Amino acid sequence: MNWILFGAKKLEYYDGLLIMADTGLHYQVFSIVNGLKNKIKKEEDLLVLDIAAGEGAFSKRLFDNGFCVDSVDIDHENFKYHGTIPFVKIDLNNAQNLGEFILQNKERYDIVVSMETIEHLENPWMFLRSLKEV
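Residues numbered from 1 in each chain as written. Predicted model: local features only at pLDDT ≥ 70, side-chain atom pairs only at ≥ 80, totals over all residues. Heavy atoms only, no water.

Caption draft 1: Region of the structure containing the sheet that holds strand E6 (residues 111–114). Read across the sheet, 4 strands follow the order E5-E4-E3-E6 without closing on themselves; strand pairing throughout is parallel. The two strands at the open ends of the sheet, each matched to only one other strand, are strand E5 (87–89) and E6. In this sheet, adjacent strand axes meet at a mean angle of 20 degrees when their direction is disregarded. With 5 bridges joining them, strand E3 (residues 47–51) and strand E4 (residues 68–73) adopt parallel strand pairing. Note on E4: the bridge partner recorded for Val 48 is Val 69. With respect to the sheet, helix H2 (residues 57–64) is in contact with E3, E4 and E6, its orientation differing from that of E4 by roughly 175 degrees. (Pairing = 2+ DSSP bridges. Helix = DSSP H or I, 4+ residues; strand = E, 2+ residues; numbered from the N terminus. Axes fitted to C-alpha atoms, helices over the stretch in contact; angles between N-to-C directions. Contact = heavy atoms within 4.5 Å.)

Shown next as structure tokens:
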């Protein structure tokens, strides 16, 4: 079984922030999002929603690479890029809270990204339907 690795996970950082996702996941997802940039034809910059952004490492990676980014997370104080990247505090397990955000932002975003999130949610199906709306 050569694919099983034992020992501590290799820590990864972006802009000095510890990446809390699995090793290599930020890079893989960024590659996909960046590839979509060439496939989505738009006059203005693409608008990306980063859901469950944590401290904001992935949001900052997107921002640094020319994407317009909005970030969402339950912990306002933990997010490190206030003033640079728009942030909305949302409890994704609160249907009313999430529903209000969806109504205000229906079909606004070109790309929605959410990593290492769904396993923390009480109703993952509601969450997935909500993502489709924005």
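Caption draft 2: Main features of empty space enclosed by the protein. Under the definition given, this model contains 1 cavity of 30 Å³ or more. Estimated volume of the largest cavity: approximately 30 Å³. As for the largest cavity, its lining consists of Leu 49, Ile 51, Val 72, Ile 90, Leu 92, Leu 98, Phe 101, Ile 102 and Val 134. Looking at the lining of the largest cavity, the elements with two or more residues in it are E3 and helix H3 (95–104). The element contributing the most residues to the lining of the largest cavity is H3, with 3 residues. (1 Å grid on protein atoms, 1.4 Å probe; cavity = no way out; pocket = protein on both sides within 12 Å on 5 of 7 lines; lining within 4 Å. Points joined across faces, edges and corners; volume = space filled by probe spheres on them.)

By themselves, these figures tell us nothing about what the structure is for.
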